[in-house]
Amino acid sequence: MPLQNTPQRPPFEVRILNVQTDNRNVNEPQSDKTRFGLLLPASRQTKYDDLTPPNPDDIEYLENELGVGRLGRYPFPKWLWIAGRPVPPRALHYQLVLGREIFIVEQMDFHLVWTSGRMFLKPVPRYLLEPSFWTEYLACQRDCACTQGANDLCGRQKLRKCALGFLFSYAALIRYESDFLLAQARYLIPSEARWEGWRQLVVELQTEHIYDKIDERYIYGELRLSRLNKIQYLHASVAFRGYMPTWRRYGDFFYDNFTWLASATVYIAIVLTAMQVGLATDALMKNRAFQAASFGFTVFSIVGPLAAITFILCVFTYIFLWNWIATMKYRRRRLPHVYAKTQVD
């Protein structure tokens, strides 16, 4: 159904923050942007890696803040069912019961991603708790293509679905007052928010009938990092680069890989010892099949570890060269930009 050429209502009207606003109806477009300044972050990083004050009129800024990022690009939309179940995330208190420590992230594509002992959550931005922000920046403008019955959603409508899905995830995370207090203690929601206001906000979201209004990513709640890494490995243009960097130092790379190699070597030594004992017995000494198997495994025990070490060194060389080339390319691109900015100033 095409949207009507009228101001789009926010998904909720309760205000749980003390924001200086005028007396106009929250459903009317707001032109006074100064009252949103206190709700925005202090700075943002542009695509050129410069730091600038955030501007809600900049659609690129809102996409970086609210868009689902990599989870909305190939290959993840069709493979999310591998990384998580299509159910809302479990409550915040239960995340602690599972032994998961809460880690704050500001990248939306890490929100609700978990790994052993860790759960990554993006705090709720203050501006998403202000109804007039939704009317001003997360609704179709007048004469938008969406209002004319276009099949494709405009950029603002796509961001609205992402933002509404994000709030939906928090409606699942903060179910009880204990969850609310835990969220405030871990800086996931503003300290001035009150439980009564949050409860009313969740009621107004109408979460039972929200699925067609949110981005598909939020139909899947918690996503397992190890499976996101596997999806990335299988489809990435750069080999050995996962969803989150597995090795932060080259020492970690060698530690992880030589640990399993050492375990395999111990197992090989046990098997060789067992075969040596078997060859000393009368029953197996003249058994040609056992002798052939012993010969083959002996050769494997010599060649296998050497081949594994060679493969590990080749992977390390590839990663090192790729990082070196990427660093040099970035340096050649970044420094002229910095010098140009210096000359302008």
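Above this note sits the structure.
Residues numbered from 1 in each chain as written. Predicted model: local features only at pLDDT ≥ 70, side-chain atom pairs only at ≥ 80, totals over all residues. Heavy atoms only, no water.

**Describing the environment of Ala42**
Heads up, the rule is: Numbered from the N terminus, helices here are DSSP runs of H or I no shorter than four residues, and strands are runs of E no shorter than two. Partly exposed describes any residue whose relative accessible area lies between the buried limit of under 20% and the exposed limit of over 50%, with all areas from a 1.4 Å probe on protein chains only and scaled to the type maximum. By the convention used here, residues are in contact when the closest approach between their heavy atoms is within 4.5 Å.
Within the secondary structure layout, Ala42 lies in the segment before β1 (44-45). Relative accessible area serves as the criterion here: at 77%, Ala42 is assigned to the exposed category. Setting aside chain neighbours within four positions, we find Ala42 in contact with Pro53 and Pro54.

**Some points on the environment of Phe166**
Take Phe166: it is sitting in helix α5 (residues 155-173). Classification of Phe166 as buried rests on a relative accessible area of 0%. Through-space distance from the C-alpha of Phe166 to that of Leu128 is 9.6 Å; in sequence the pair is 38 residues apart. Residues contacting Phe166, with those up to four places away along its chain left out, are Met108, His111, Lys122, Pro123, Val124, Pro125, Leu128 and Tyr218.

**Points about the packing of aromatic side chains**
Our working rule: Classification of ring pairs rests on two measures: the distance between centres of Phe, Tyr or Trp rings, Trp counted by its six-membered ring, which must be within 6.5 Å, and the angle between planes, read as stacked under 30 degrees, edge-to-face over 60 and tilted in between.
Going through the model one piece at a time under the given rule, you end up with 20 aromatic pairs. On the numbers, 5.4 Å between centres and 70 degrees between planes, the contact of Phe110 with Tyr243 is edge-to-face. Of this pair, Phe110 sits in the loop between β3 (101-104) and β4 (113-115) while Tyr243 sits in the loop between α8 (225-235) and α9 (250-279), and the two are 133 residues apart along the sequence. A relative accessible area of 11% places Phe110 in the buried class.

**Overview of the pairing of strand β5 (residues 118-121)**
Quick reminder of the rule: Here a strand pair is declared whenever DSSP counts at least two bridges between the two strands.
Sheet analysis places β3 next to β5, joined by four bridges and oriented parallel. Note on β5: the bridge partner recorded for Ile104 is Leu121. Note: β4 against β5, three bridges, orientation antiparallel. Bridge assignment links Val113 to a residue of β5, and that residue is Phe120. Connecting β4 to the next strand, β5, in antiparallel fashion are two residues, including Gly117 with a positive phi near 75 degrees.

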